[in-house]
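# Understanding the architecture of this molecule
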Amino acid sequence: MSRTILIIGIGAGNPEHITVQAINALNRADVLLIPTKGEEKSFLADMRRDICERYLTNPDTRIHDYAVPQRRADGGYDDGVQDWHHAIARIYEELILEVSTDREVIGLLVWGDPMLYDSTIRIIEHVRANGRVAFDLEVIPGITSIQALCASQKIALNRIGLPVEITTGRRLSEGWPAGVDDVVVMLDGVEAFRAVEDRDAHIYWGAYLGTELEITLSGRLGDVAETISETRRRAREENGWIMDTYLIRRARETESET
């Protein structure tokens, strides 16, 4: 019999985001693995532990921390990400073999939703490809930072009948995507919103969404871009890290919204 790995989406940061399905998955696990990313991001590990304290009722579940290596900054971006993923896969492989036995269930707690700008599924498939650990895989969805952003800003994600593109700051900095007027940006380390030419576009921005640190701003891009930049800078200095998401919505000649 093989092990079972549960990749559990735990939401954007509010412990109440976690679903009943995710709670049940936590309590199925024999082992829960919690990543640590250094002192600066200890908040993220603490939030995972808080979720376990709130919802874990299985007294036999074991919790293990593991350190996540930093992605190298030199060389090409794609190669750096691939090397990083393989390094994490090796950590998973060794840890699973060390802390669990055949037929046990291992739970991985993933921020937001495992299918959206998270690589845990891909990394676990690297573990499978290595051939040392046999397992069945289950994925439990979670609330994303995009949902948390729209809820906090009290807006609908899409306009009626119109598409929305989800991309990264790195991509947006290369130019506005063709064929869309609504763009959601995640993983923006370059403040790509500052390079958007349409200064009349509306931006809905949020950081630390769902957590007690949450900050939201919105307005005409030309009016609030500097304020967002300064807010990001101060928040990073105060907390040592920042995770933010935003929607930029360009005006259309004929709006279809009502």
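Data block above holds the structure.
What you see is a predicted model; the values in this text were computed from it and never measured. (Residues numbered from 1 in each chain as written. Predicted model: local features only at pLDDT ≥ 70, side-chain atom pairs only at ≥ 80, totals over all residues. Heavy atoms only, no water.)

## Points about the overall build of the protein
- Within the protein, the secondary structure is distributed over 7 helices and 10 strands.
- Against the 2.2 N^0.38 benchmark of 18 Å for 258 residues, the protein shows a C-alpha radius of gyration of 20 Å, consistent with a compact globule.
- Expressed as lengths along the three principal axes of its C-alpha atoms, the size of the protein is roughly 60 × 40 × 40 Å.
- Residue burial in the protein is summarised as follows: out of 258 residues, 48% are buried. (Helix = DSSP H or I, 4+ residues; strand = E, 2+ residues; numbered from the N terminus. Rg over C-alpha atoms; globule rule 2.2 N^0.38 Å. Buried < 20%, exposed > 50% of the residue type's maximum accessible area, 1.4 Å probe, protein only.)

## A few points about the pattern of salt bridges
- In total, this model carries 23 salt bridges according to the counting rule given.
- One salt bridge connects E104 with R62, and the closest N-O pair in it is separated by 2.9 Å. Of the two residues, E104 is situated in the loop between α3 (77-99) and β4 (105-110) and R62 in strand β3 (residues 62-67); the sequence distance between them amounts to 42 residues.
- Taking relative accessible area as the criterion, R62 reaches 31% and is therefore assigned partly exposed.
- Among the charged side chains, a salt-bridge network with shared partners connects E191, R194, E226, R232 and D244. (Salt bridge = Lys/Arg side-chain N within 4 Å of Asp/Glu carboxyl O.)

## Re the packing of aromatic side chains
- Following the criterion strictly, the structure yields 4 aromatic pairs and no others.
- Ring geometry for F193 versus Y246: centroids 5.5 Å apart, planes at 90 degrees, classification edge-to-face. A residue pair is termed long-range when its members are at least 10 positions apart, and F193 in the loop between β7 (182-186) and β8 (202-207) and Y246 in strand β10 (residues 244-249) qualify at 53 residues. Side by side, F193 and Y246 carry an identical accessibility label, which is buried.
- Three or more aromatic residues link up through ring pairs in this structure, and these residues are F43, Y208 and W241. (Phe/Tyr/Trp six-rings, centres within 6.5 Å; stacked < 30°, edge-to-face > 60°.)

## Observations regarding helix α1 (residues 20-28)
- The set of residues buried in α1 consists of A22, I23, A25, L26 and N27.
- For α1, the elements touching its buried residues are β1 (3-9), β2 (31-36), α2 (42-55), β4 and β5 (135-140). (Contact = heavy atoms within 4.5 Å.)

## Describing the packing of α3 against helix α4 (residues 120-130)
- Put simply, α3 and α4 touch, their axes get as near as 9 Å, and they point 65 degrees apart. Once α3 is placed against α4, the crossing between them reads as right-handed. Residues Q82, H85, H86, I88, A89, Y92 and E93 of α3 pack against T120, R122, I123, I124, H126, V127 and N130 of α4.
- Classifying every residue of the contact of α3 with α4 by side-chain character gives 6 nonpolar, 6 polar and 2 charged. (Axes fitted to C-alpha atoms, helices over the stretch in contact; angles between N-to-C directions. Left-handed = near helix turned anticlockwise from the far one by under 90°. Nonpolar A, V, L, I, M, F, W, Y, C, P; charged D, E, K, R; others polar.)

## Digging into α2
- For α2, built from 14 residues, the straight-helix expectation of 20 Å at 1.5 Å per residue is met to within 8% by its first-to-last C-alpha distance of 20 Å.
- Taken as a whole, α2 has its buried residues at F43, L44, A45, M47, R48, I51, C52 and Y55.
- Against α1, β2, β3 and β4 lie the buried residues of α2. (Expected span 1.5 Å × (residues − 1).)

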